[in-house]
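This is what each chain is made of:
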Amino acid sequence: MKRYILISGFLMFLTINAGAQMMMQMDTLMNHSMRIIPVDRATLLKNVDLIANMQYANHSNFKNGSYTGSAFALNQFRFEIRGLVFDSTVFFRFRNRYTRDPIVQPIDNIDHSVDLAFIGVNLSKKFSISFGKMCADYGGYEFDANPINIYQYNDIVEDADNFLTGAQFTWNAPKNQQFAFQVLNARTQTFANLYDSIPGIKAAKFASALVGNWRGSFGGGIFSTFWSYSFINATSKKHVQYIALGNQLYLKKLLIQYDFKYMMDGIDRLGIVSGLIPKSYSPYTALNTDYIEHWLRMQYNFTPQWNFTVIGMVDNAYWKGNPDPGKNDHVRTAWGVIPSLEFYPYKKLDLKFFAAYVGRYYDYTSYAKAKFGLANSTTGQLLVGFISPLKFL
């Protein structure tokens, strides 16, 4: 028995000794071999953000006052990489939307699911230029918000083509003012894919969007503006003009944002009016449509972890190109109200749980009801879920 104990003890000693020598060899190897991520690369990663933008909720849906069903859904999942890549001079941003079909678009040759794919150069502390697919900086605080924080857009932002390919020049002017100018493709799809063969209307040889905006800040950030004017050369004869005037008032616990938007479409870029007109009445895309919007958001931070927000929005749609001599230009008014309650459980993590209701009411004029067979309707959606731009890096 003693022999077995001595043999077992000797084997254990050899095993421990061999293990210790192996650990010493591994430490020596780690100290003398190359790192998996070199030091210079690790330093570069400090200037790079890796973000998963998510909005997840359970939806309970209503139509004309009747409950139609519920389901869980990932409303938003936009994966984003952004940062500096060279001496605080060259920057980049890429964001892909996994809740949209990845169909390559014929104009800019990139998936429609890609929101952003551009690089930029800081020419100085005041001037920068960017090239690639970017956000058409139309202006207004509704459009300027991270999409995951929006429960429902008003009609113009919801239906416009907002991510286009081109170039941008930015000037950070004195006194916290910023001016930007963009030259972009007017669309991601071809004219033939978007519009009917309207007699006398041809695609522009360079379908372009010219966007200019101003971001102003006054009183130490108490009052801010985000105004823009856009001219979109969509066709050889018909153009689009778009004005967005965003205004913000920030008072300690209260945030008030108001946007006014006015889009004058020579050809119905949004397609809302065109979608309301029966083909039997007009087989082509509507010409000369106007959209006028108001968007108001009030957020009250009644404790550090709780927000109550209410959004009200109105969109008026007009068809000035209607050939009917007895027409009423005004076709529809769309109303919206979105109250929400948001809870932030963690101080150092941008994660919030929310409950929100999205109510929409569509009111058609007497003329539109009689001429196009339209009827007033309501929709509702109760959302309960979470929102977070989870930053992994």
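This text goes with the structure placed above it.
My aim in this report is to walk through the structure given alongside it, one point at a time. (Residues numbered from 1 in each chain as written. Predicted model: local features only at pLDDT ≥ 70, side-chain atom pairs only at ≥ 80, totals over all residues. Heavy atoms only, no water.)

For the protein chain, the helix and strand inventory stands at 7 helices and 16 strands. Classification of the 393 residues of the protein chain by burial places 40% in the buried group. Contacts in the protein chain between residues far apart in sequence, at least 24 positions, make up 59% of those at least 6 positions apart. As presented, the protein chain carries roughly 21,500 Å² of accessible surface, and 63% of it is formed by carbon and sulfur atoms. (Helix = DSSP H or I, 4+ residues; strand = E, 2+ residues; numbered from the N terminus. Buried < 20%, exposed > 50% of the residue type's maximum accessible area, 1.4 Å probe, protein only. Contact = heavy atoms within 4.5 Å. Areas by Shrake-Rupley, 256 points an atom, 1.4 Å probe, with all protein chains shown as cover.)

Non-glycine residue asparagine 64 carries a positive phi angle of around 50°. Counting through the fold element by element, asparagine 64 comes out in the loop between strand 1 (48–63) and strand 2 (66–86). Even without a glycine there, the phi angle at asparagine 109 is positive, about 60°. With respect to the secondary-structure elements, asparagine 109 resides in the loop between strand 3 (90–97) and strand 4 (114–122). With relative accessibility at 64%, the residue asparagine 109 sits in the exposed group.

Let's shift gears to the layout of surface pockets. The calculated volume of the second largest pocket comes to roughly 250 Å³. Looking at the second largest pocket, it is lined by 19 residues, and the ones nearest its centre are Ala145, Asn149, Gln257, Arg297 and Gln299. Those elements that provide at least two residues to the lining of the second largest pocket are helix 3 (141–144), strand 11 (254–267), strand 12 (287–303), strand 13 (306–319) and strand 14 (330–343). For the lining of the second largest pocket, the class distribution of residues is 8 nonpolar, 6 polar and 5 charged. (1 Å grid on protein atoms, 1.4 Å probe; cavity = no way out; pocket = protein on both sides within 12 Å on 5 of 7 lines; lining within 4 Å. Points joined across faces, edges and corners; volume = space filled by probe spheres on them. Nonpolar A, V, L, I, M, F, W, Y, C, P; charged D, E, K, R; others polar.)

It is worth spelling out the pairing of strand 8 (residues 203–218) at this point. Pairing analysis gives 8 bridges linking strand 7 (residues 177–185) to strand 8, with the strands arranged antiparallel. Across the sheet, leucine 184 pairs through a bridge with alanine 209, a residue of strand 8. Strand direction decides the pairing type here: strand 8 and strand 9 (residues 223–235), joined by 12 bridges, are antiparallel. Residue pairing for strand 9: arginine 215 is matched across the bridge by phenylalanine 226. Where strand 8 folds back on strand 9, the antiparallel hairpin that results is connected by 4 residues, among which glycine 219 adopts a positive phi of roughly 60°. (Pairing = 2+ DSSP bridges.)

With that settled, consider the pairing of strand 13. By the bridge criterion, 13 bridges tie strand 12 to strand 13 in an arrangement that is antiparallel. The residue bridging threonine 303 from the neighbouring strand is tryptophan 306, located in strand 13. Hairpin remark: strand 12 followed by strand 13, antiparallel, with 2 residues in the connecting loop.

In this section: a nonpolar patch on the surface. Taken together, the side chains of Leu123, Phe127, Phe169, Trp171 and Phe179 make up a nonpolar region of the molecular surface, amounting to roughly 450 Å² of accessible area. Within the element layout of this structure, phenylalanine 127 appears in strand 5 (residues 127–135). (Patch = residues over 30% accessible without salt bridge, like charges linked within 9 Å, V, L, I, M, F, W, Y side chains within 5 Å. Salt bridge = Lys/Arg side-chain N within 4 Å of Asp/Glu carboxyl O.)

In this structure, Tyr138 and Tyr291 are the most contacted members of the largest nonpolar core, which totals 41 residues. With near-sequence residues (within four places) excluded, tyrosine 138 lies in contact with Phe143, Asp161, Asn162, Leu164, Val211, Ser228, Ser230, Ile232, Tyr242, Ala244 and Arg269. Of all hydrophobic cores here, the second largest spans 14 residues; its members include Ala57, Tyr141, Ala356 and Ile387. (Core = buried A, V, L, I, M, F, W, Y, C linked by side-chain atoms within 4.5 Å.)

This brings us to empty space enclosed by the protein. Enumeration according to the criterion identifies 1 cavity of 30 Å³ or more in this entry. The volume enclosed by the largest cavity comes to roughly 40 Å³. As for the largest cavity, its lining consists of Tyr138, Gly139, Phe143, Ile156, Val157, Ala160, Asn162, Tyr242 and Lys261.

With that out of the way, let us pick up the pattern of salt bridges. Applying the stated criterion across every chain, the model contains 19 salt bridges. Residue aspartate 49 pairs with arginine 82 through a salt bridge whose shortest N-O separation is 3.6 Å. Taken together, the positions of aspartate 49 in strand 1 and arginine 82 in strand 2 put the pair 33 residues apart, joining distant regions of the chain. Among the salt bridges present, the one from glutamate 142 reaches lysine 261, with a minimum N-O distance of 2.9 Å. One end of the pair, glutamate 142, is in helix 3; the other, lysine 261, is in strand 11, with 119 residues separating them in the sequence. In this structure, glutamate 142 and lysine 261 share a single accessibility class: buried. A single salt-bridge network, built from bridges that share partners, covers Asp49, Glu80, Arg82, Arg93 and Lys391.

A few words now on the side chain of serine 113. As for its placement among the helices and strands, serine 113 is situated in the loop between strand 3 and strand 4. Not counting the four nearest positions on each side in its chain, serine 113 is found in contact with Arg95, Asn96, Arg97, Arg100, Asp101 and Pro102.

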